[in-house]
Amino acid sequence: GENVEQHPSTLSVQEGDSAVIKCTYSDSASNYFPWYKQELGKGPQLIIDIRSNVGEKKDQRIAVTLNKTAKHFSLHITETQPEDSAVYFCAAKDTGFQKLVFGTGTRLLVSP
Amino acid sequence: EPEVTQTPSHQVTQMGQEVILRCVPISNHLYFYWYRQILGQKVEFLVSFYNNEISEKSEIFDDQFSVERPDGSNFTLKIRSTKLEDSAMYFCASGGGAGGNNSPLHFGNGTRLTVT
């Protein structure tokens, strides 16, 4: 089955810096890759997603890139703010199946 | 913006007791899911539900677990005889509609289950 690896496990940046979180997946059939932000005591909140027919997607300060050949995808957050501090999870899904397989999470800390 | 709601937010139960976790998915969604997250670990898939039946389940979802959509709005997860290792956050999610099972999943804020 699908296996998703995520790095780093923790990431500390200064406010205004960029943050990059990387994930790799194992199943070449996976074609949907969402990113979730989880704040303390809350459920995962979808922040951006990408499908395998595109290589990059951007939404304001957040962007995701996908390299299907290498089977990896990354989340880029520019101009980080303290409110970006949270745990970020990547995930992968195959259209033939319904379940999302999550990465192990990255705790992002943005210091003012 | 529509959201997935879950009740209760925290459930404490004794080992061997039955618990029912409740969820109200987003109203026009057709696919429903339960995930769980043991403290500090990643989110794990339990089960997906579509057209009033289970469409996929993980190895975690054994005979002690069941799901039900008793009416047009609620989606429940029942654990018949809880074990200590069932202690976790349980998240309900929904998706679908026009996008089918490729639509983004939206998660509730979870129920923290503590088994003592």
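Data block above holds the structure.
Structure report, in brief.

What counts and how
Residues numbered from 1 in each chain as written. Chains lettered and ligands numbered in written order. Predicted model: local features only at pLDDT ≥ 70, side-chain atom pairs only at ≥ 80, totals over all residues. Heavy atoms only, no water. Pairing = 2+ DSSP bridges. Helix = DSSP H or I, 4+ residues; strand = E, 2+ residues; numbered from the N terminus. Axes fitted to C-alpha atoms, helices over the stretch in contact; angles between N-to-C directions. Core = buried A, V, L, I, M, F, W, Y, C linked by side-chain atoms within 4.5 Å. Buried < 20%, exposed > 50% of the residue type's maximum accessible area, 1.4 Å probe, protein only. Contact = heavy atoms within 4.5 Å. Disulfide = S-S within 2.5 Å.

### Looking at the sheet that holds strand 3 (residues 19-25) of chain A
Residue and element names in this part refer to chain A. Spatial ordering of the open sheet is given by 1-3-8-7-6, a layout of 5 strands whose pairing is antiparallel. Edge positions in the sheet fall to strand 1 (4-7) and strand 6 (56-59), since each has one partner strand and no second. Across this sheet, the average inter-strand angle for adjacent strands is 15°, counted without regard to direction. In terms of strand pairing, strand 6 meets strand 7 (residues 62-67) through 4 bridges, oriented antiparallel.

### Here's the deal with the nonpolar core
By size, the foremost hydrophobic cluster in this structure holds 25 residues, and its most contacted members are Trp 35, Phe 73, Leu 75, Tyr 88 and Leu 108 of chain A. Elements with a contribution of two residues or more to this core: strand 2 (10-14), strand 3, strand 4 (30-38), strand 5 (45-51), strand 7, strand 8 (72-77), strand 9 (86-94) and strand 11 (106-111) of chain A. Setting aside residues no more than four positions away along its own chain, Tyr 88 of chain A makes contact with Gln 6, Ile 21, Tyr 36, Lys 37, Ile 47, Leu 75, Ile 77, Gly 105, Thr 106 and Leu 108 of chain A. Core analysis: the next-biggest nonpolar cluster, separate from the first, contains 22 residues, Ile 26, Phe 32, Ile 79 and Leu 113 of chain B among them.

### Thoughts on the state of the cysteines
This structure, assessed with the given rule, holds 2 disulfides over all chains. Between the sulfur of Cys 23 of chain A and that of Cys 90 of chain A lies a disulfide, 1.9 Å long from S to S. Between Cys 23 of chain A and Cys 90 of chain A, the disulfide has an S-S torsion of -100° and is therefore left-handed. Of the two residues, Cys 23 of chain A is situated in strand 3 and Cys 90 of chain A in strand 9; the sequence distance between them amounts to 67 residues. Accessibility classification places Cys 23 of chain A together with Cys 90 of chain A in one group, the buried group. Paired through a disulfide, Cys 23 of chain B and Cys 92 of chain B show a sulfur-sulfur distance of 2.0 Å. A torsion of -65° about the S-S bond marks the disulfide between Cys 23 of chain B and Cys 92 of chain B as left-handed. With a gap of 69 residues between them, Cys 23 of chain B in strand 3 (residues 19-24) and Cys 92 of chain B in strand 9 (residues 88-95) connect regions that are remote in the sequence. Taken individually, Cys 23 of chain B and Cys 92 of chain B each receive the classification buried, so the pair is uniform in this respect.

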